[in-house]
Amino acid sequence: MKFLRKIFDNAHAKLNKSEKTKKLFPLVDSVDTLMFTPNHTTKGGAHIRDGIDLKRTMMFVIIALIPCLLFGMYNVGLQHDLANASVEWSGIDQFLFGLMKVLPLVIVSYGVGLGVEFIFAIKNGHAVQEGFLVSGMLIPLIMPIDTPLWMLAVAVVFGVVIGKEVFGGTGMNILNVALTTRAFLFFAHPTSMSGNNVWISGFKELKDSPNMLADGISGATPLGDLASFAQDQPAYSSLGGFMQDGHSFVEAMWGLYPGSIGESSVFPIMLGAIFLLLTGIASWRVMASFFAGGLVMALILNQFAGENAYMQLPAIHQLMYGGFLFGMVFMITDPVTAAQTTKGKFFYGFLAGFLGILIRVVNPAYPEGVMLAILIANVFAPLIDHMVISTNIKRRLKRVKIA
Amino acid sequence: MSKSIKIRKGLDIRIKGDANRSSIEAPLSSTYAIKPTDFHGLIPKILKRVGDQVKAGTPIFQDKYRESIKYVSPVSGKIQEIKRGAKRKILEVIIEADKVISYEAGSPVDVASLDREKAKEVLLASGLWPFIKMRPIDVVANYTDTPKSIFISGFDSSPLAPDYDYLLYTRDKEFQAGVDILNKLTDGNINLQLRAKGGADAAFTQAKKVVTNKVSGPHPAGNVGPQIHQIDPINKGEVIWTVNAQDVAIIGRYLLTGQYNASKLVALTGSEATNRKYYKVIIGAKASDVLNGNCNTDNVRYISGNILTGSQIEADGYIGFYDSQITVIPEGNEYKFFLTKGWLGLGFNKLSNNSAYPSKMLGPKKFDVDTNLNGEERAFVVTGEYEKVFPFDIYPVHLIKSVMINDIDSMEKLGIYEVAPEDFALCEFVCTSKINSQEIVRQGLDVIHKECM
C-alpha cells in the first residue's frame, strides 16, 4: 500500500503549493481518509481512543442494506417479467434487468448527493462528512423503479441542501435526509410517486400496448389494493380474496410484489436488522418501540374495523406491507433525527409506528403513511427529549429541597 | 452510615502493561520541578528567584489570588530555572537538588488539640493544602469553605492503575494522621470508598473516624465523581473536598514528623515499559529517573498519570504533582490502510466498546493500544454511547452541548456541579465522533467558576 500512500502524499504536497489549489484540499483529503485511517494522534484528554469511527458506523449500515438492494434488483426484473407477456426470463435475466434499472438510480443518487456535499465541503473548508454515504443508498431503495433520473437528481439536491446542509451538515439535521428527498418527490411529482402505474418497470408502456400486458396485472402494491377497498371499485371483493391471492403470511414474508425498490420483502430487511442489532449500530429501543407502536395501532384498528376491510387486516400483515419494516430498520433508527435520550427513544419509536399505521389506513390517499409519520416524529424528537430531560432536572432540584 | 453502592455503567479497559507489585528505590534526581500547570486555574506568584537556596518545604510560589496557599519545594537545593511559555506563563520551577535533603524546621503536630482554623493554618503553612481539591470545579480547595463532606477513594479503577493497597502498605499511621486532620475541616463525614470484592490494606480497613463505603462495578467506580454522586451528591452551592489516598499519607507524615517529606510510590506501566514496577520517588521527580533503561524509547508517548486523564510529558519531563503512575504507550502516528488495519478492517486487534468490532466477544483478552485517534473529529451523530459508560443520573451529551453554546443556565440545570473532566474520560474514549469532551467540560467548569462561584 506504500505506492498508494505516496500518491496521496504527493497530491497533498502539490495542493499545498498555491492558495488556489489549497481550496481543493477537502476533495483529496476525503478520498485519502477513505483509503487510509489518518495518522492523527490524540492531543491531551484521553490518550487512547476507541477503534470505532463514523466511517465504519456508516459503512455498516450500507452493508446492512445490501440484501435489500440485491433483492430489489431481482424483484424489479421479476415484476417486469410477470407483467410483460412478451418475455420469458430466467432468474438471472430478471436480476440483470433489475440491475440495469436500479444501478442508474444509485449512481445518480450518489453522484448528485456527493457532488453537493463536495461543494459544501470546499465552501466550508472541511472534509466531506460521512452522512450521505447512507442516505445515498437509502434514497434509491425507497423510490418507485420508474422514477425519472432528473427528478431523482432534483430531489436529492433538495434533500441534501434543505434537509441537511442549511442546518449545518451531518449531525445537525432535523429531518431524515432520505425521507425529505422522498417527501419532496411525493408532493412535487405525485403522479410519478404513487398510484398503480409506477411500481413495475416500464408499466406505462406495457399498458399502452394492450398485447404486451399480461392478464390480471394491475400494477398496484398490496397497500394500493387495500386502499381500494374504500373506493367504488375495489381490486378485491373481500379481504379474504386479497389474502388468498398471493398475500399470505409466507408470501408477504418474501414480498415478491410491486413496491418501492428495497422495501417490499421482509426477509432481506430482517437480515439487515439482525446485522444492525448485533453490531449495535441501530438502537433496539427505537426499533422495538416502533414495531410496538405499529402493532398497537393495527390492533386498535382491528377492534373498530366493522365493515372496513382495510381495518380488518390482521395486525401482523398490516406491518409487513409497504415501508413499515424498512422504515423501522433503516429510517427511524437514524440517530441524528431520532430522540437522543434513552427513555425518549421509546416514546419516539412508538409515536412514529403508531402514527404510521394510522395515517396509512385512515387516509388511503397516503399509503406512504410511514414516511410521513417518521418525518412527524423527527420534528417531535427534540420535544420528547426536552420532556425527558426536564424530569431529570426536576429530580435534581428536588434533591436540594429535601436536604 | 456506610453504604454499599453498585456502579452499573462503565468500562474496564483491558490493555497490556500493568505493574508488578514490587518496588525499587529510584535514584535521587538531580533536578525536581513543581509545575503550576498541574494545578488548574492557578496563577502563581513566584517567591524565590533563580539561584536562591531552598529546603524541602520552603514555599517557592503562592496563589496570586489566594495568597495563603503556598506551593513548596519537595527537596532542598537551588532554584535552577523558572521555565516560561507563551505570554510568559510559568510552566515549571526547576530545583537543583542537594545530595542529602534538608527539611524546613518543624515539629510534630498534635492533631487532637487543633480546632478547624488551626488545622487549616497548619496545612496552608506547610504547603500541604494543594493536596486538597474541591468539587465542583475540580481545583485546589478554597480555605474559606467548609465542605459538607470529604471523599477519599481507596482504589483506582482506571486502566493499568497502581494498586492503592500496595501504595499504602505499612502507611497505616500516616494515613490515620491525615484522616484525623481532615476530620477537623468538615462537620460531615470522611468517606472512604473501598472495593466491594477482595480485601484492602490495613491502612484502609483499620482507619478510624472514617465512613467506609463499598463500591462494586467497572471503571470509573474508583473515581470520586461517581462515588460522590451516589453517596452525597453535590447541589448548587455545596462543596465537597477530595484527597488522593497516597496524598493523605503524605499529609499524615508531616503531622507525625514535622517534615515535608513528599516521597511516594509511582507505578511504571504501559505496553512499552519493560521493567514495570513501583518506584519510590519524591514529588516533582524527573520522569527519566524512572524511565531510564526501563522502557522502549522509539516513537512512544510518555504520560504522567493514566491513559485516560494523564498529561503527556517529554522523556526529560517531570512527574505531575498528583500522579502515582507513568504510562508508556506507542504513538499511533501512522496511516492505516482501510481494509487491513484501518477503519473497515476485521479489527480483531482493535480495542473497542462498540459491537462493530469483535473485541467485546474475545473475552478477557488484553489489547495493545496506541495513541491514534482512529478517525477524525465529527459532529455528534451516534447517540446512547456516552450513557453506557457514564454512571451519573446526568445527560452527558446534552451537558456537553450546553457548554459548547456557553449556556450557563443549562449547564447548571444539567448537573455541571457534579462532574469533573475525569468523569468524562470514558465518554471521550468511546466517542465515535472523537469529540474532546474532557476539554469541553473543563471549559464549562471554568466559566462556572468565573461566573457563579
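Residues numbered from 1 in each chain as written. Chains lettered and ligands numbered in written order. Predicted model: local features only at pLDDT ≥ 70, side-chain atom pairs only at ≥ 80, totals over all residues.

*Asks:* Account for the overall build of chain B, naming residues and giving values.
*Replies:* The number of helices and strands found in chain B is 12 helices and 21 strands. Since a compact globule built from 453 residues should have a radius of gyration of about 22 Å, the 22 Å found for chain B is in line with a globular shape. In terms of overall dimensions, chain B has C-alpha extents of about 65 × 50 × 50 Å along its principal axes. Per-residue burial over chain B gives 55% buried out of 453 residues. Long-range contacts, defined as pairs at least 24 residues apart, comprise 69% of the intrachain contacts of chain B with a sequence gap of at least 6. (Helix = DSSP H or I, 4+ residues; strand = E, 2+ residues; numbered from the N terminus. Rg over C-alpha atoms; globule rule 2.2 N^0.38 Å. Buried ≥ 20, exposed ≤ 12 C-beta atoms within 10 Å, placed from the backbone. Contact = placed C-beta atoms within 7 Å.)

*Asks:* Requested: an account of the overall build of chain A, with residues and values cited.
*Replies:* When you go through chain A residue by residue, the secondary structure sums to 20 helices and 1 strand. Relative to the globule expectation of 22 Å for 403 residues, the C-alpha radius of gyration of chain A, 23 Å, shows essentially globular dimensions. Principal axes of the C-alpha set define a box for chain A whose edges measure 70 × 70 × 35 Å. Out of the 403 residues belonging to chain A, those deemed buried represent 52%. Looking at chain A alone, contacts between residues at least 24 apart form 71% of all its contacts between residues at least 6 apart.

*Asks:* Run through the interface of chain A and chain B, naming residues and quoting values.
*Replies:* Each partner contributes to the interface: chain A provides 50 residues, whereas chain B provides 59 residues. At the level of secondary structure, the elements contributing two or more residues to the side of chain A that touches chain B comprise helix H3 (25-35), strand E1 (36-37), helix H4 (54-83) and helix H20 (369-402) of chain A. Split by residue class, the side of chain A that touches chain B holds 21 nonpolar, 21 polar and 8 charged. Bridging between E1(A) and strand E21 (residues 336-337) of chain B involves 2 bridges; their strand directions are antiparallel. Across the sheet, residue Thr37(A) finds its bridge partner in E21(B), namely Lys336(B). (Nonpolar A, V, L, I, M, F, W, Y, C, P; charged D, E, K, R; others polar. Pairing = 2+ DSSP bridges.)

*Asks:* Give a description of the confidence of the model for chain B that names residues and reports values.
*Replies:* Chain-level statistics for chain B give a pLDDT mean of 93 and a share of 100% at 70 or above. In the predicted complex, the global pTM is 0.94; the interface-specific ipTM is 0.93. (pLDDT = per-residue confidence, 0-100.)

*Asks:* Residues and numbers for the packing of helix H14 (residues 266-278) of chain A against helix H18 (residues 324-331) of chain A, please.
*Replies:* Packed helices, taken two at a time, are described by the angle their axes make and the gap between the axes. All names here are of chain A. Running from N to C, H14 and H18 cross one another at 20 degrees; their axes reach a closest spacing of 10 Å. For the element pair H14 / H18, the angle class is roughly parallel. Handedness of the H14/H18 crossing: left-handed. In this structure, H14 contributes Val266, Ile269, Gly272, Ala273 and Leu276 to the contact, and H18 contributes Leu325, Phe326 and Val329. In terms of residue class, the contact of H14 with H18 is built from 7 nonpolar, 1 polar and no charged. (Axes fitted to C-alpha atoms, helices over the stretch in contact; angles between N-to-C directions. Parallel < 35°, antiparallel > 145°, perpendicular 65-115°, else oblique. Left-handed = near helix turned anticlockwise from the far one by under 90°.)

*Asks:* Account for the nonpolar core, naming residues and giving values.
*Replies:* As a rule of thumb, soluble globular proteins bury nonpolar side chains together. Val329(A), Tyr348(A) and Ile374(A) are the most contacted members of the largest nonpolar core, which has 233 residues in total. The leading source of residues in this core is H4(A), at 15 residues. (Core = buried A, V, L, I, M, F, W, Y, C linked by C-beta atoms within 7 Å.)

*Asks:* With reference to specific residues and values, describe the pairing of strand E17 (residues 278-282) of chain B.
*Replies:* All names here are of chain B. Of all 5 residues making up E17, 4 are buried, and the element is well covered by its neighbours. By the bridge criterion, 3 bridges tie strand E2 (residues 23-25) to E17 in an arrangement that is parallel. Following the sheet pairing, Glu25 is matched in E17 by Lys280. Sheet topology note: the strand E16 (residues 263-269)/E17 ladder contains 5 bridges and is antiparallel. Residue pairing across strands places Ser263 opposite Ile282, the latter belonging to E17.

*Asks:* Residue-level account of the sheet that holds strand E6 (residues 59-63) of chain B, with values.
*Replies:* To summarise the sheet geometry, strands pair through backbone hydrogen bonds and adopt either a parallel or an antiparallel arrangement. Residue and element names in this part refer to chain B. Sheet architecture is open: 3 strands sit in the order E4-E6-E7, paired in antiparallel fashion. Every interior strand has two partners, whereas the edge strands, strand E4 (44-46) and strand E7 (70-72), have only one. Strand-to-strand, the axes of this sheet are offset by a mean angle of 30 degrees, without reference to chain direction. Examined bridge by bridge, E4 and E6 share 3 bridges and lie antiparallel to one another. Paired with Ile46 across the bridge in E6 is Phe61.

*Asks:* Please give an account of the sheet that holds strand E5 (residues 53-54) of chain B that cites residues and values.
*Replies:* Residues and elements named next belong to chain B. With antiparallel pairing, the 4 strands of this open sheet are ordered in space as E3-E9-E8-E5. Lying at the two open borders of the sheet, with one neighbouring strand each, are strand E3 (31-34) and E5. Examined bridge by bridge, E3 and strand E9 (residues 90-97) share 4 bridges and lie antiparallel to one another. If you follow Ile34 over to E9, its bridge partner there is Val93.

*Asks:* I'd love a proper account of helix H8 (residues 177-188) of chain A, names of residues and values included.
*Replies:* Residue and element names in this part refer to chain A. Taking 1.5 Å per residue as the helical rise, H8 with its 12 residues ought to reach 16 Å, and the 16 Å between its terminal C-alpha atoms agrees with that figure. Burial analysis of H8 places 9 of its 12 residues in the buried class, the great majority of the element. By the burial criterion, the buried members of H8 are Val177, Ala178, Leu179, Thr180, Thr181, Arg182, Ala183, Phe184 and Leu185. (Expected span 1.5 Å × (residues − 1).)

*Asks:* How would you summarise the environment of Trp129(B) if you had to cite specific residues and measurements?
*Replies:* With respect to the helices and strands, Trp129(B) occurs in the loop between helix H1 (116-126) and strand E10 (133-135). Sequence spacing of Trp129(B) and Tyr71(B) is 58 residues, and the spatial spacing of their C-alpha atoms is 8.4 Å.

*Asks:* Explain the packing of helix H9 (residues 396-404) of chain B against helix H12 (residues 437-452) of chain B residue by residue, including any values.
*Replies:* All names here are of chain B. Contact geometry of H9 with H12 gives a least axis separation of 9 Å together with a crossing angle of 60 degrees. Classified by the interaxial angle, the pair formed by H9 and H12 is oblique. H9 and H12 meet at a crossing whose hand is left-handed. Of the residues in H12, those in contact with Ile400, Val403 and Met404 of H9 are Ser437, Ile440, Val441, Gln443 and Gly444.

*Asks:* I'd like to hear about unusual backbone geometry, residue by residue, with values.
*Replies:* All names here are of chain B. Residues Arg135 and Pro136 are joined by a peptide bond in cis, for which omega reads -5 degrees. One can find Pro136 in the loop between E10 and strand E11 (139-140). Going from His219 to Pro220, the amide bond is cis rather than trans, its omega being 10 degrees. As for its position among the elements, Pro220 is in the loop between strand E14 (211-216) and helix H5 (224-231). Positive phi outside glycine occurs at Arg88, with the angle close to 60 degrees. Within the fold, Arg88 resides in the loop between strand E8 (77-84) and E9. According to the C-beta neighbour criterion, Arg88 is exposed, with 7 such atoms within 10 Å.

*Asks:* Break down H3(A) for me, citing the residues and quoting the values.
*Replies:* Residues and elements named next belong to chain A. Of the residues making up H3, those classed as buried are Pro26, Asp29, Asp32 and Thr33. Projected onto a plane normal to the axis of H3, the buried residues spread over an arc of 125 degrees and lie on a single side. Where H3 is buried, its residues touch helix H1 (2-15), E1 and helix H5 (91-124). (Arc of directions from axis to C-beta.)

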